Amino acid sequence: MAKNTVIEISVNQIKAVTGELKQNKFSIENVVIEPAEQDFYFSNNANIFNNQASRLNTVLEKLGPKNKKVSVVIPDAITYNNFKIYPKLREKELYAAVRFQADQFIPLPLNKVNIDIDVLEETVDKKKLLIMIVAVEKNHIQKIMELFEVVGYIPEKIENQLSALGKSITYANEIKLEDSLLINFDYTTTTVYFYNEQRRLIYNSHTFQNGYNLFVKELALTANITKDNAEKILTSTAINSNNLPEILKPVLSDFLREIYQSLNVAQSKYATPAKNIIFISGANKVLGLPQFTAQSLKTNLNQININEVIKEDKNKVLQKNPAYFNEIISCLGGLIN
């Protein structure tokens, strides 16, 4: 029997995993991925909420968790993330210092957001701390709580993709990565995570408004085709073939510019040259995008080896659906108690 269950409510997908961290690798019992209501986070329409509840209930029935308590992962698209160095303070004082500066990266009144902090590391002299700050609108959290209440489950903890992914890499000691930029190519946004091999942690991130949906819209509009046909083309035709790069030039240029800026930040501000870029999700949605990105930026393309992460796939779900692996990487940290 699996010990833990994690549900990721992304913008366009509901991803669910049962399993546990076992001997520095993840033992997976079951994985279910289904479409989500794309306007769930952005609409107060009762029909959308009810449809999302129905979709979530279907996922849970297929997953078959034995425990009603679950961990929930929410997308970076609806959270605000920041990394800062603070003097070593007591928890209450540290939280007060974070809130004092929070309006520098949170474009909302602070009384409308929940702020969480996580101490990532302490400097050698033990005088300073690297803090990861995550903020999310209170109404998003309330909506998640109500959603799980409807289907009869209890969210024990709620964290975003950044936090969950960071735990996956830090605690799964078998994962061997060089200094890299990890790219979460999501539905409406893309997040670049800065990973340092020596410290074994993600120490910064950058989220920008360019994701899979923008590629679909651009192709459909420029080629005068339906979105369904655009999606089929993007998953079946390599992006560097025919005239796709020209058709998608505006969205591709913006995407590459953001990644290039992230590379520059890694190499200058943090004095950490990124040796690789790794697409941790969405790599299969736009065929050839990882290769095209690496070639355009003259950077090595790498991937996380499934054998370094997964110890056991009890029902052979990942063996039957290998594309699932990249899609659930940001979920795995939620399995860790």
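Here the structure is a predicted model, which means the values were calculated and not measured. (Residues numbered from 1 in each chain as written. Predicted model: local features only at pLDDT ≥ 70, side-chain atom pairs only at ≥ 80, totals over all residues. Heavy atoms only, no water.)

Caption draft 1: The arrangement of the overall build of the protein in detail. Scanning the protein from terminus to terminus reveals 12 helices and 14 strands. Taking 337 residues into account, the globule formula puts the C-alpha radius of gyration at 20 Å, and the protein, at 20 Å, falls close to it. The principal-axis extents of the C-alpha atoms in the protein amount to approximately 60 × 50 × 45 Å. Counting the 337 residues in the protein, one finds 53% classified as buried. Excluding contacts between residues fewer than 6 apart, the proportion of contacts in the protein whose partners are at least 24 apart in sequence is 66%. Of the accessible surface of the protein, which amounts to about 16100 Å², a share of 47% is contributed by carbon and sulfur atoms. Of note, the protein has its 38 positive side-chain charges centred 3 Å away from the centre of its 36 negative side-chain charges. (Helix = DSSP H or I, 4+ residues; strand = E, 2+ residues; numbered from the N terminus. Rg over C-alpha atoms; globule rule 2.2 N^0.38 Å. Buried < 20%, exposed > 50% of the residue type's maximum accessible area, 1.4 Å probe, protein only. Contact = heavy atoms within 4.5 Å. Areas by Shrake-Rupley, 256 points an atom, 1.4 Å probe, with all protein chains shown as cover. Lys, Arg positive; Asp, Glu negative; His and termini not counted. Charge placed at Lys NZ, Arg CZ, Asp CG, Glu CD.)

Caption draft 2: Main features of helix H8 (residues 249-268). Helix length check: H8, at 20 residues, gives a terminal C-alpha distance of 28 Å against a target of 28 Å (1.5 Å per residue), a fit within 8%. Regarding H8, the residues found buried are Val-251, Leu-252, Asp-254, Phe-255, Leu-256, Glu-258, Ile-259, Ser-262, Leu-263 and Ala-266. (Expected span 1.5 Å × (residues − 1).)

Caption draft 3: Just the pattern of salt bridges, in detail. Applying the stated rule across the entire model yields 10 salt bridges. For Lys-62, the salt bridge is made with Glu-34, and the minimal N-O distance between the two is 2.6 Å. Here the residue Lys-62 occupies a position in helix H1 (residues 46-63), and Glu-34 occupies one in strand E3 (residues 25-35), the gap between them amounting to 28 residues. The class for Glu-34 is partly exposed, based on a relative accessible area of 22%. Between Arg-199 and Glu-121 there is a salt bridge, with the nearest N and O atoms lying 2.6 Å from each other. Taken together, the positions of Arg-199 in the loop between strand E10 (190-196) and strand E11 (201-208) and Glu-121 in strand E6 (residues 113-122) put the pair 78 residues apart, joining distant regions of the chain. Ionic contacts of the salt-bridge type, sharing partners, join the residues Glu-8, Lys-15, Lys-285 and Glu-327 into one network. (Salt bridge = Lys/Arg side-chain N within 4 Å of Asp/Glu carboxyl O.)

Caption draft 4: Representation of unusual backbone geometry within the structure. Backbone geometry places Arg-200, a non-glycine residue, at a positive phi of 55°. One non-glycine residue, Lys-316, lies in the positive phi region at around 55°. Within the secondary structure layout, Lys-316 lies in the loop between strand E14 (310-313) and helix H11 (317-320).

Caption draft 5: A look at the nonpolar core. Core analysis: the biggest nonpolar cluster contains 73 residues, and Phe-26, Leu-182, Ile-202, Phe-215, Leu-248, Phe-255 and Leu-289 have the highest contact counts within it. Take this core: its biggest share by element is 7 residues, from H8. Phe-215 has contacts with Phe-185, Asn-210, Leu-234, Ile-239, Leu-248, Val-251, Leu-252, Phe-255, Val-286 and Leu-289, leaving out every residue within four places of it along the chain. By size, the runner-up hydrophobic cluster in this structure holds 25 residues, among which are Ala-16, Ala-53, Leu-56 and Ile-78. (Core = buried A, V, L, I, M, F, W, Y, C linked by side-chain atoms within 4.5 Å.)

Caption draft 6: Local environment of the sheet that holds E6. Taken in spatial order, the 3 strands line up as E5-E7-E6 in an open sheet, and their pairing is antiparallel. The strands lining the two open edges of the sheet, one partner per strand, are strand E5 (79-87) and E6. The average undirected angle you get between the axes of adjacent strands in this sheet is 25°. When E5 meets strand E7 (residues 128-137), the two strands line up antiparallel, connected through 9 bridges. Bridged to Tyr-80 within E7 is Ala-135. (Pairing = 2+ DSSP bridges. Axes fitted to C-alpha atoms, helices over the stretch in contact; angles between N-to-C directions.)

Caption draft 7: Examining the environment of Phe-83 more closely. By the element assignment, Phe-83 lies in strand E5. Sequence separation between Phe-83 and Ile-154 is 71 residues, and the spatial gap between their C-alpha atoms is 30 Å. Every residue in contact with Phe-83, bar those within four places of it in the chain, is listed here: Leu-120, Leu-130, Ile-131, Met-132, Leu-162, Ile-202, Tyr-203, Asn-204 and Ser-205.

Caption draft 8: The environment of Asn-284, seen in detail. Topologically, Asn-284 is positioned in the loop between strand E12 (276-281) and helix H9 (289-297). The spatial distance from the C-alpha of Asn-284 to the C-alpha of Ala-323 is 7.3 Å, given a sequence separation of 39 residues. If we ignore the near neighbours within four places in the chain, the residues touching Asn-284 are Thr-235 and Ala-323.

Caption draft 9: Here's a closer look at helix H3 (residues 138-151). The terminal C-alpha atoms of H3, which comprises 14 residues, lie 21 Å apart, in line with the 20 Å expected from a rise of 1.5 Å per residue. Listed as buried for H3 are His-140, Ile-141, Lys-143, Ile-144, Leu-147, Phe-148 and Val-151. Taken around the axis of H3, the buried residues stretch over an arc of 160°, which confines them to a single face. Across H3 from its buried face, at more than 90 degrees, point the exposed residues Glu-149 and Val-150. Packed against the buried residues of H3 are strand E1 (4-9), H1, strand E4 (69-74), E6, E7 and strand E8 (154-160). Following H3 by one or two positions, Gly-152 has its phi on the positive side, about 85°. (Arc of directions from axis to C-beta.)

Caption draft 10: Broad picture of the sheet that holds strand E9 (residues 180-185). Taken together, 5 strands build an open sheet; the order of strands is E11-E10-E9-E12-E13 and the sheet is mixed. In this open sheet, the two edge strands, each paired with only one partner strand, are E11 and strand E13 (300-302). Strand-to-strand twist of the sheet, defined as the mean angle between neighbouring strand axes without regard to direction, takes the value 25°. Both E12 and E13 contribute to a ladder of 3 bridges, which runs parallel. Directly across from Asn-276, in E13, lies its bridge partner Asn-300.

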